[in-house]
Amino acid sequence: MNRRLILASALALSAVHMGPVWANADSAKTMAATASTAGAAQVSLDAVVEAVRQATLSTQVAGTIVGLNVKAGDRVRAGQELLRVDASAAQQQVAGSSAQLEAAQANLNVASKELDRQKQLFQKQYISQGALDRAQAQWEAARAQVQAQQAQTRAAQTQTGFFSVRAPFNGVVSDVAVTLGDMAMPGRPMLTMHDPSALRVSAAVPQSMLSGVRSQLASVRYEIAGHSAQPVKAGTAQLLPSVDPVTHTAQLRLALPAGIEGLVPGMFARVWVSGVQAGSTAQNTQAQPVVLPLSAIVRRAEMTGVYVMDAQGKPRLRQVRLGRVNGHNVEILSGVSTGEQVVTAPATVTTKP
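Residues numbered from 1 in each chain as written. Predicted model: local features only at pLDDT ≥ 70, side-chain atom pairs only at ≥ 80, totals over all residues. Heavy atoms only, no water.

(A) Broad picture of the nonpolar core. In this structure, Val201 and Val271 are the most contacted members of the largest nonpolar core, which totals 25 residues. Listed by contribution, the elements that provide at least two residues to this core are strand 4 (42-51), strand 13 (199-206), helix 3 (210-215), strand 14 (221-224), strand 17 (249-255) and strand 18 (268-274). The dominant element in this core, judged by the number of residues it contributes, is strand 4, at 5 residues. With near-sequence residues (within four places) excluded, Val201 lies in contact with Ala47, Val48, Val49, Tyr222, Ile224, Leu252, Arg253, Leu254, Leu256, Ala269 and Val271. (Core = buried A, V, L, I, M, F, W, Y, C linked by side-chain atoms within 4.5 Å. Buried < 20%, exposed > 50% of the residue type's maximum accessible area, 1.4 Å probe, protein only. Helix = DSSP H or I, 4+ residues; strand = E, 2+ residues; numbered from the N terminus. Contact = heavy atoms within 4.5 Å.)

So this is what it looks like as structure tokens:
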């Protein structure tokens, strides 16, 4: 049975931006994929769109959610109430503290009048110095009691504000994780919101590429799937001065211009840096996708794959992950290794062993 085969390119577009040139061959022969360098090498990094200001909101107190004023996608203003928790117990505490404050103020009035009388009697030498001192001490104690009760009342009034969750800035509600009647607990995420006017692209730079990327920040470009057909030069690029001890990568952040319609956090993006050598490490080489023609792609239900020739020369269906489509070609981000032969006419493959 004749099959059209293709040898995966040794140079991957994900790491080095190159234009593949496919050789014409008879259907019974093996086709070899070749690639030519188009200018200076460009390293690409997988990235994601992030919000500069994003907040996950929760309450500082426990209680039943009795008011939910927003839903996902709503635009809110700074200070707007988004959610309310039952504050009946806190309101009763405020009422009790207020009553105790009134009682303390009444005691202070009595102590103040008693002190005035004791002073008059002392001037006429009807009482001793000790009696005057006791009256003075009672007045000072009553005054301190009033101050303490005022502080408790203010604390109770402040705590009632914890039962209302308000927007910290102007933005859009990204997600609402609770419904009416749910129990709010301190630290439990309930709402997520972000500011759509300030977005950025963030990419993880491997430790082995830090020096090269740092020297080429002025040439950094980015592209966002569905929003830019060609890479766009970044206005400002910042390479953070710290490296994650687990992944051994540093964050590269690119500021996005405001007003891009339909751009939301979490979108996939790609960052391109010119003049940085790709494939300097084994890890980077393995991460390079290959390029195949669209005719080689097999779609069955939710599975996307290609037929790869095994050591015995038989085609075996293998699942792959697709990248960017460029004309009649598509990037293979994973599933096919460099040098493997792939069937470009899967319709000719039979299911017989």
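(B) Molecular detail of the environment of Asn329. Mapped onto the fold, Asn329 is located in strand 24 (residues 329-334). Along the backbone, Asn329 and Val291 are 38 residues apart, and their C-alpha atoms lie at a distance of 6.5 Å.

(C) Structural context of the pattern of salt bridges. Inspection of every chain in the model, using the stated rule, returns 9 salt bridges. The salt bridge involving Arg188 is made with Asp182; its shortest N-O contact spans 4.0 Å. A relative accessible area of 29% means that Arg188 is categorised as partly exposed. Residue classification places Asp182 among the partly exposed positions, given a relative accessible area of 23%. (Salt bridge = Lys/Arg side-chain N within 4 Å of Asp/Glu carboxyl O.)

(D) A look at the sheet that holds strand 15 (residues 232-233). Taken together, 7 strands build an open sheet; the order of strands is 15-14-18-4-13-17-16 and the sheet is antiparallel. Each end of this open sheet is capped by a strand with a single partner; those strands are strand 15 and strand 16 (237-239). Relative to strand 13, strand 4 is paired through 5 bridges, and the arrangement is antiparallel. From the neighbouring strand, Val48 faces strand 13, where its bridge partner is Ser202. (Pairing = 2+ DSSP bridges.)

(E) Main features of the pairing of strand 13. Of all 8 residues in strand 13, 6 are buried; the element is thus mostly enclosed. Examined bridge by bridge, strand 13 and strand 17 share 7 bridges and lie antiparallel to one another. The partner of Val201 across the bridge, within strand 17, is Leu254.

(F) Examining the environment of Gly339 more closely. Within the secondary structure, Gly339 sits in the loop between strand 24 and strand 25 (341-343). For the pair Gly339 and Val290, spaced 49 residues apart in the sequence, the C-alpha separation amounts to 9.6 Å.

(G) How the structure looks around the side chain of Thr304. Here Thr304 is to be found in strand 21 (residues 303-309). With a relative accessible area of 16%, Thr304 lands in the buried category.

(H) Molecular detail of the pairing of strand 17. Relative to strand 17, strand 16 runs antiparallel, the two being bridged by 3 bridges. Across the sheet, residue Leu239 finds its bridge partner in strand 17, namely Leu252.

(I) Looking closely at the confidence of the model for the protein. With 82% of its residues at a pLDDT of 70 or more, the protein has an overall mean of 79. No element of the protein has a lower mean pLDDT than strand 3 (residues 30-37), which averages 31, and none a higher one than strand 7 (residues 75-76), which averages 94. Across residues 278-287 the pLDDT falls below 50, and counting only partners more than four positions away or on other chains, this stretch makes 12 contacts in the model. (pLDDT = per-residue confidence, 0-100.)

(J) Inspection of unusual backbone geometry at higher detail. Phi angles above zero are rare outside glycine, and Gln125 is one such case at about 60 degrees. Position of Gln125 relative to the elements: it lies in the loop between helix 1 (88-123) and helix 2 (129-160). Of note in the backbone geometry, His248 takes a positive phi value of approximately 55 degrees without being a glycine. Relative to the assigned elements, His248 resides in the loop between strand 16 and strand 17.

(K) Representation of helix 2 in the model. Under the 1.5 Å per step criterion, the end-to-end length of helix 2 is 47 Å for 32 residues, consistent within 8% with the ideal 46 Å. Three or more residues of helix 2 are buried, namely Ala131, Leu132, Ala135, Ala142, Val146, Gln149, Thr153 and Ala156. (Expected span 1.5 Å × (residues − 1).)

(L) A look at the sheet that holds strand 19 (residues 290-293). The 3 strands are arranged 19-24-23 in an open sheet whose pairing can be described as antiparallel. With partners counted over all chains shown, the strands left at the sheet margins are strand 19 and strand 23 (321-326), one partner each. With strand direction ignored, the average angle separating the axes of adjacent strands in the sheet is 35 degrees. Relative to strand 24, strand 19 runs antiparallel, the two being bridged by 4 bridges. By the bridge assignment, Val290 is partnered in strand 24 with Ile332. (Axes fitted to C-alpha atoms, helices over the stretch in contact; angles between N-to-C directions.)

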